[in-house]
Amino acid sequence: MKTQRHTLRALALLLSYPDARVRDLLPLVADAIDAEGALPAPRRQELRKLAHAIVRMDPVDAETQFVELFDRGRSTSLHLFEHVHGDSRERGPAMIDLVKTYETAGLLIAPHEVPDHLCVVLEFASTQPAPVAREFLGEMAHILTAVFSALRQRDSAYASVVAAILELAGHRAEAVPVADEQPLDEAWAEPMAFDGCSTQGQARPGQPQPLHFVRKAPAGAVGARA
């Protein structure tokens, strides 16, 4: 089995926030991927094209597009457990188990890093022997397929990066149907304050407002138990 250590790290860099440091390194990324030869030539060419496109793009545009793509919806989130556990209680224990996997292999992540972020996952995989890395990434193939499909649906060139990860995991990159996603702003929207209340929470203007009748205590009842 071919080595893929440099390729995995290069893919992690391609999926990193494209700040000045990352953009300076991107020209070397394509060369490293070509030199290792762990991916088919057509895929390597797609990755080179993406790296060059990011470098040529206006820095502000590159960063804005990255945020809009990966941080504004769940379907393209790079936090893998977001696709499995969402905000449920199961996410915490899953994170702890993943950190233990890293620590058992001798890898300690920095305090600011989140263990289920795809870039961190790739960095860890790059430290492992090729068969171990392949199996580790293969366990996440269903999540990676979902992310790949969502990126393909948006016609994003970043889909090639996730497709490359799937191929290194021994899986074909095949798009599957993607469910419609509620806009993030709408999903996080809170009812307007001071617009009436209901048993389901605050109601918007123009909505029926429930009435609650409270029986008035007879006069003098307050002091009856004194």
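Refer to the structure printed above.
Our subject in this report is the structure included herewith. (Residues numbered from 1 in each chain as written. Predicted model: local features only at pLDDT ≥ 70, side-chain atom pairs only at ≥ 80, totals over all residues. Heavy atoms only, no water.)

## Details of the overall build of the chain
The criterion, for reference: Numbering goes from the N terminus for both helices and strands, where a helix is a DSSP run of H or I of at least four residues and a strand is a run of E of at least two. Think of it in three bands: with a 1.4 Å probe and only protein chains considered, a residue is buried below 20% of the maximum accessible area for its type, exposed above 50%, and partly exposed in between. The contact rule is simple, with two residues in contact once any of their heavy atoms fall within 4.5 Å. For the accessible areas, the method is Shrake-Rupley and the probe is 1.4 Å, while residue cover comes only from the protein chains on display.
Assigned secondary structure in the chain consists of ten helices and two strands. From first element to last, N terminus to C terminus, the chain shows the α and β order α-α-α-α-α-α-α-α-α-α-β-β. Looking at the chain as a whole, 38% of its 226 residues qualify as buried. Taking all contacts inside the chain whose residues are at least 6 apart in sequence as the whole, residues at least 24 apart take part in 60%. About 13900 Å² of surface is accessible on the chain, with carbon and sulfur atoms providing 55% of the total.

## Details of unusual backbone geometry
One non-glycine residue, Asp 155, adopts positive backbone phi at about 55°. Mapped onto the secondary structure, Asp 155 falls in the loop between helix H8 (141–153) and helix H9 (159–168).

## Here's the deal with the packing of helix H1 (residues 5–14) against helix H2 (residues 20–36)
What describes two packed helices is the angle between their axes and the distance between those same axes. Just so we agree on the cut-off: For helices, the fitted line uses only the C-alpha atoms of the stretch in contact; every axis is such a line through C-alpha atoms, and the angle between N-to-C directions lies from 0 to 180 degrees. By definition in this entry, angles of less than 35 degrees are roughly parallel, angles greater than 145 are roughly antiparallel, angles of 65 to 115 are roughly perpendicular, and the rest are oblique. Definitions for this section: a left-handed crossing has its near helix turned counterclockwise from the far helix by less than a right angle. A right-handed crossing has that turn clockwise. Here the term charged refers only to Asp, Glu, Lys and Arg, the term nonpolar to Ala, Val, Leu, Ile, Met, Phe, Trp, Tyr, Cys and Pro, and the term polar to all other amino acids, Gly among them.
Contact geometry for H1 and H2: axes closest at 9 Å, N-to-C directions at 150°. Overall, the two elements H1 and H2 adopt an arrangement that is roughly antiparallel. In terms of crossing hand, the pair formed by H1 and H2 is left-handed. Packed against H1, whose contacting residues are Arg 5, His 6, Thr 7, Ala 10, Leu 11, Leu 13 and Leu 14, the element H2 presents Arg 21, Val 22, Leu 25, Leu 26, Val 29, Ile 33 and Glu 36 at the interface. Of the residues in the contact of H1 with H2, the class split is nine nonpolar, two polar and three charged.

## Focus: the packing of aromatic side chains
Think of a pair of aromatic rings as described by two things: how far the centres are apart, and how the planes are tilted against each other in angle. Rule in force here: Side-chain rings of Phe, Tyr and Trp (the six-membered ring for Trp) are treated as a pair once their centres are within 6.5 Å; stacked means planes under 30 degrees apart, edge-to-face means over 60, and tilted covers the remaining angles.
In total, this model carries six aromatic pairs according to the counting rule given. On the numbers, 4.9 Å between centres and 55° between planes, the contact of Phe 66 with Phe 70 is tilted. Placement of the pair is Phe 66 and Phe 70 together in helix H4 (residues 59–70), with a separation of four residues, close to one helical turn. Accessibility expressed as a relative area gives 3% for Phe 70, which makes it buried. Ring centres of Tyr 102 and Phe 124 lie 4.8 Å apart, and the angle between their planes is 45°; on these two criteria the pair is classed as tilted. Of this pair, Tyr 102 sits in helix H5 (residues 91–104) while Phe 124 sits in helix H6 (residues 118–126), and the two are 22 residues apart along the sequence. Neither residue differs from the other here; Tyr 102 and Phe 124 are each classed as buried.

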